[in-house]
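Reading the structure
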Amino acid sequence: MICPKRTSELLDLHLAPFKDKDPAWEIGVSRIAGRGVMATRSLKRGEIIFKDSPLLIGLAANEEDALNSCSVCLVVLPDTKFMCRQGCGLPVCSLCSKKKQHKVDCDMFKSWGPNEPDVANSVIIRLLCVARAINLTKEQRDLIYCLQANLDNNHRTEVRNAAKCFKRFPTDKKIIEIMNRTVAVLRTNGFDKTYDRSNDNQEFNYRALYPLFGVVNHDCIPNAYYTFEEKTNNMIVRAAVDIPEGFEITTTYTKLFTGNIARHLFLKMKKGFTCKCPRCSDPTEKGAYISGLYCRDTNCTGLVVPEITGLPHPNYNCLECKQKSTHAQMMKSQDFACGAINAKANSNSLRTLVQYLNEKSDAFIPSSNYVVIEAKFGVLQRLQQGREDCSEELASNTRLRYSRDITQVMDKLGLGDSLLRTQLVETLKREEERRAKRLAEEAEKQRKMAELQAKAAEADKILAAFEAEQAAEAAAAAASLPATDPSPLPPAATELA
Ligand SMILES: [Zn+2]
Ligand SMILES: [Zn+2]
Ligand SMILES: [Zn+2]
Ligand SMILES: [Zn+2]
């Protein structure tokens, strides 16, 4: 472990531009692993813990057909003539071609002699983020060396492959070592246009190293979350929950909605450690049952969850009848559910998928299982683009229902704030407002209808009264007829008289 004190000094230098005189964090010895970032005071949910800026940032260039972004400002350029005319092999916008950063990059790559300087080559463009480490100050480079690096057999491959794209690639061992080390540090602590290292499902389009964030340890229920400032690409880290003084700040390196085994495998393979956080030590995952499957005994209604063994293929236990199942047996149900739901997700009808999730999938996979949660995420994302073949009402009900389902899972896991939660809560609020408006409109319609009916009834009453009056008048007229218009006396009476 590198001394926390030296790490702190180097981080202070790196973060000096932010001029935070009373930081809410310090580097300390972690209970999770090695060093960590600790809260120096109690932090309220939502409060900013720290800001970090990228020590290294560059284009990820991992898609061959999307290489037309400026290597300095990272903005996407019109699809023609974006390569530097000086022959450095880098794409650059006309404004940035005059900036100091490009001068440094340009001189370096030109001196290495790219084989085809006018053709955008993903290997060259991708290497820039790594090669920039060569021109950092000594302290900045020391900071890179301070960070964890997985120095496995593959970490030299990138630089070795890049060397083939230049005529005079450096042979100096020290320079090659800096680049190889930087690749390893980036792979362990960096961002690389990926969803992997994200508790927010937010896309990050670049390759970058945020040194302070690199020291933050992992927890499958992180107590902090981050966002990026669009213009500067600075990172802002906030408290996801209230954090007491002295507690360690944590983030997650994995997707949140994957089960215990999938997270375990990812962390082991990609990050080289075994997580022992409370969620990983609880087969029910805090009662959220993200890995839960139905018991194979058709008479049992219990859920089956993987045993906590630290092995990639653990047995499963039914929480109700206690029956044991092998990993292979349970994977059959999981894979079947995955296949069935994905088939509906890949069909063109969103309505079919929604109906399947609402009415069918529950028969063979619990709705708490991550396959279902991921499918619901997929639906919400598609609904954001448009409602496809769903009716207005189905789209609205689905948004409401799925956002509610997912936030409930987040609550069960004990997850605090995140960008994702903000988005879900906004969707919920919007749908609830829309629903309230619809209800109000419906009520207004009813009220108007009732008013009309009342008026009609009133009119009927008036009419009835009028008619009654008329009838009465007619009757009265008939009764008084002899007085006003005497009919001739019956002959008999005349005779009598
Ligand atoms: Zn630019
Ligand atoms: Zn250039
Ligand atoms: Zn964990
Ligand atoms: Zn059972």
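Here goes a summary of the coordinates provided.

Parameters and conventions
- Residues numbered from 1 in each chain as written.
- Chains lettered and ligands numbered in written order.
- Predicted model: local features only at pLDDT ≥ 70, side-chain atom pairs only at ≥ 80, totals over all residues.
- Heavy atoms only, no water.
- Helix = DSSP H or I, 4+ residues; strand = E, 2+ residues; numbered from the N terminus.
- Buried < 20%, exposed > 50% of the residue type's maximum accessible area, 1.4 Å probe, protein only.
- Arc of directions from axis to C-beta.
- Pairing = 2+ DSSP bridges.
- Contact = heavy atoms within 4.5 Å.
- Axes fitted to C-alpha atoms, helices over the stretch in contact; angles between N-to-C directions.
- Donors = N, O, S within 2.8 Å, 3.2 Å for Na, K, Ca; no water.
- Polar contact = N/O pair within 3.5 Å; in protein donor to acceptor, adjacent residues only side chain to side chain.
- Tetrahedral: all angles 85-135°; square planar, octahedral: opposite > 155°, others 65-115°.
- Phe/Tyr/Trp six-rings, centres within 6.5 Å; stacked < 30°, edge-to-face > 60°.
- Salt bridge = Lys/Arg side-chain N within 4 Å of Asp/Glu carboxyl O.
- Core = buried A, V, L, I, M, F, W, Y, C linked by side-chain atoms within 4.5 Å.
- Parallel < 35°, antiparallel > 145°, perpendicular 65-115°, else oblique.
- Left-handed = near helix turned anticlockwise from the far one by under 90°.
- Nonpolar A, V, L, I, M, F, W, Y, C, P; charged D, E, K, R; others polar.

A positive phi angle, close to 70°, is found at Leu 74, a residue other than glycine. By the secondary structure assignment, Leu 74 is in the loop between strand 4 (56–59) and helix 2 (100–112). Classification of Leu 74 by relative accessible area gives buried; the value is 7%. We note that Lys 322 has phi near 70°; this positive angle belongs to a residue other than glycine. The class of Lys 322 is exposed, set by a relative accessible area of 58%.

On to helix 10 (residues 350–360). Among the residues making up helix 10, those that are buried are Leu 350, Leu 353, Val 354, Tyr 356 and Leu 357. The buried residues of helix 10 occupy an angular sector of 160° when projected down its axis, which confines them to one face.

Another aspect to go through is the sheet that holds strand 6 (residues 206–209). The strand order across the open sheet formed by three strands is 4-6-5, and the pairing between neighbours is antiparallel. A single partner strand is all that each edge strand has here, and the edge strands are strand 4 and strand 5 (191–192). Sheet analysis places strand 5 next to strand 6, joined by two bridges and oriented antiparallel. Paired with Asp 192 across the two strands is Arg 207, which belongs to strand 6. Docked against the sheet, helix 3 (residues 122–131) engages strand 4, strand 5 and strand 6, running at close to 175° with respect to strand 4. Contacts between helix 6 (residues 173–189) and the sheet are confined to strand 4, strand 5 and strand 6, with strand 6 contributing the most and set at about 100° to the helix.

Donor atoms from the polypeptide that coordinate the zinc ion (ligand 4) comprise Cys 295 (SG), Cys 300 (SG), Cys 318 (SG) and Cys 321 (SG), at 2.3 to 2.4 Å from the metal. Read from N- to C-terminus, the donor residues coordinating the zinc ion (ligand 4) fall into the pattern C-x4-C-x17-C-x2-C. Pair noted here: Cys 295 is in the loop between strand 11 (293–294) and strand 12 (303–306) and Cys 321 is in the loop between strand 13 (316–318) and strand 14 (324–325), with a separation of 26 residues, a long-range link. Judged by its relative accessible area of 35%, Cys 321 falls in the partly exposed class.

What follows deals with the sheet that holds strand 9 (residues 235–239). Strand order across the open sheet formed by three strands is 3-9-8, with antiparallel pairing between neighbours. Looking at the sheet topology across the chains shown, the edges are occupied by strand 3 (48–52) and strand 8 (224–228). Between one strand and the next, the sheet's axes are offset by a mean angle of 20°, whatever the strand orientation. Examined bridge by bridge, strand 3 and strand 9 share four bridges and lie antiparallel to one another. In the strand pairing of strand 9, Asp 52 is matched with Met 235.

A few words now on the side chain of Ser 403. In this fold, Ser 403 is placed in helix 12 (residues 392–413). Its relative accessible area of 0% is what places Ser 403 among the buried residues. At a separation of 2.4 Å, a polar atom in the side chain of Ser 403 contacts the main-chain carbonyl oxygen of Arg 399. Excluding residues within four positions of it along the chain, Ser 403 makes contact with Leu 380, Thr 398, Leu 424, Thr 427 and Leu 428.

Below, the discussion takes up the environment of Thr 301. With respect to the secondary-structure elements, Thr 301 resides in the loop between strand 11 and strand 12. Sequence separation between Thr 301 and Leu 319 is 18 residues; the distance between their C-alpha atoms is 9.6 Å.

So, on to the coordination of the zinc ion (ligand 1). Surrounding the zinc ion (ligand 1) are the protein donor atoms Cys 70 (SG), Cys 73 (SG), Cys 93 (SG) and Cys 96 (SG), which sit 2.2 to 2.3 Å from the metal. Here the zinc ion (ligand 1) binds four donor atoms, and the angle range of 96 to 120° at the metal identifies the geometry as tetrahedral. Using a relative accessible area of 1% as the deciding quantity, one classes Cys 96 as buried.

As a further point, take the packing of aromatic side chains. Inspection of every chain in the model, using the stated rule, returns 17 aromatic pairs. Pairing Trp 25 with Phe 50 gives two aromatic rings, centres 6.3 Å apart and planes at 65°, and the pair type is edge-to-face. With Trp 25 in strand 1 (residues 25–29) and Phe 50 in strand 3, this residue pair connects regions lying 25 residues apart in the sequence. Phe 50 carries the same exposure label as Trp 25, and that label is buried. Ring geometry for Phe 191 versus Tyr 226: centroids 5.6 Å apart, planes at 80°, classification edge-to-face.

It is worth spelling out the pattern of salt bridges at this point. Tallied over the full model, the rule gives 27 salt bridges. In this structure, Arg 399 engages Glu 431 in a salt bridge whose closest nitrogen and oxygen atoms are separated by 2.6 Å. With a gap of 32 residues between them, Arg 399 in helix 12 and Glu 431 in helix 13 (residues 419–479) connect regions that are remote in the sequence. Accessibility classification places Arg 399 together with Glu 431 in one group, the buried group. Here the residues in one salt-bridge network are Lys 5, Arg 6, Glu 9, Lys 138 and Asp 142, joined through shared partners.

Once that is clear, we can look at the nonpolar core. If you look at the biggest cluster of nonpolar residues, it comprises 74 residues, and the most contacted ones within it are Ile 49, Phe 109, Trp 112 and Leu 127. Per-element tally for this core: the top contributor is helix 3, with seven residues. Filtering out sequence-adjacent residues up to four positions away, Phe 109 remains in contact with Cys 88, Leu 90, Pro 114, Ile 124, Leu 127, Leu 128, Ala 131 and Phe 166.

So, about the packing of helix 1 (residues 4–15) against helix 4 (residues 138–146). Relative to each other, helix 1 and helix 4 sit at 130°, their axes nearing to 10 Å. The angle between the axes of helix 1 and helix 4 places the two elements in the oblique class. As for the relative orientation of helix 1 and helix 4, their crossing is left-handed in sense. Contacts between helix 1 and helix 4 involve Arg 6, Thr 7, Leu 10, Leu 11, Leu 13 and His 14 from the first element and Glu 139, Asp 142, Leu 143 and Cys 146 from the second. Tallied by class, residues from the contact of helix 1 with helix 4 come to five nonpolar, two polar and three charged.

It is the contact of helix 9 (residues 327–346) with helix 11 (residues 370–385), at a shortest axis distance of 10 Å, that shows an interaxial angle of 10°. Relative to helix 11, the element helix 9 is oriented roughly parallel. The handedness of the crossing between helix 9 and helix 11 is right-handed. Contacts between helix 9 and helix 11 involve Gln 334, Ala 337, Cys 338, Ile 341 and Ala 345 from the first element and Tyr 370, Val 371, Val 372, Ala 375 and Arg 382 from the second. Classifying every residue of the contact of helix 9 with helix 11 gives eight nonpolar, one polar and one charged.

Scope: geometric values only; no functional claims are made or implied.
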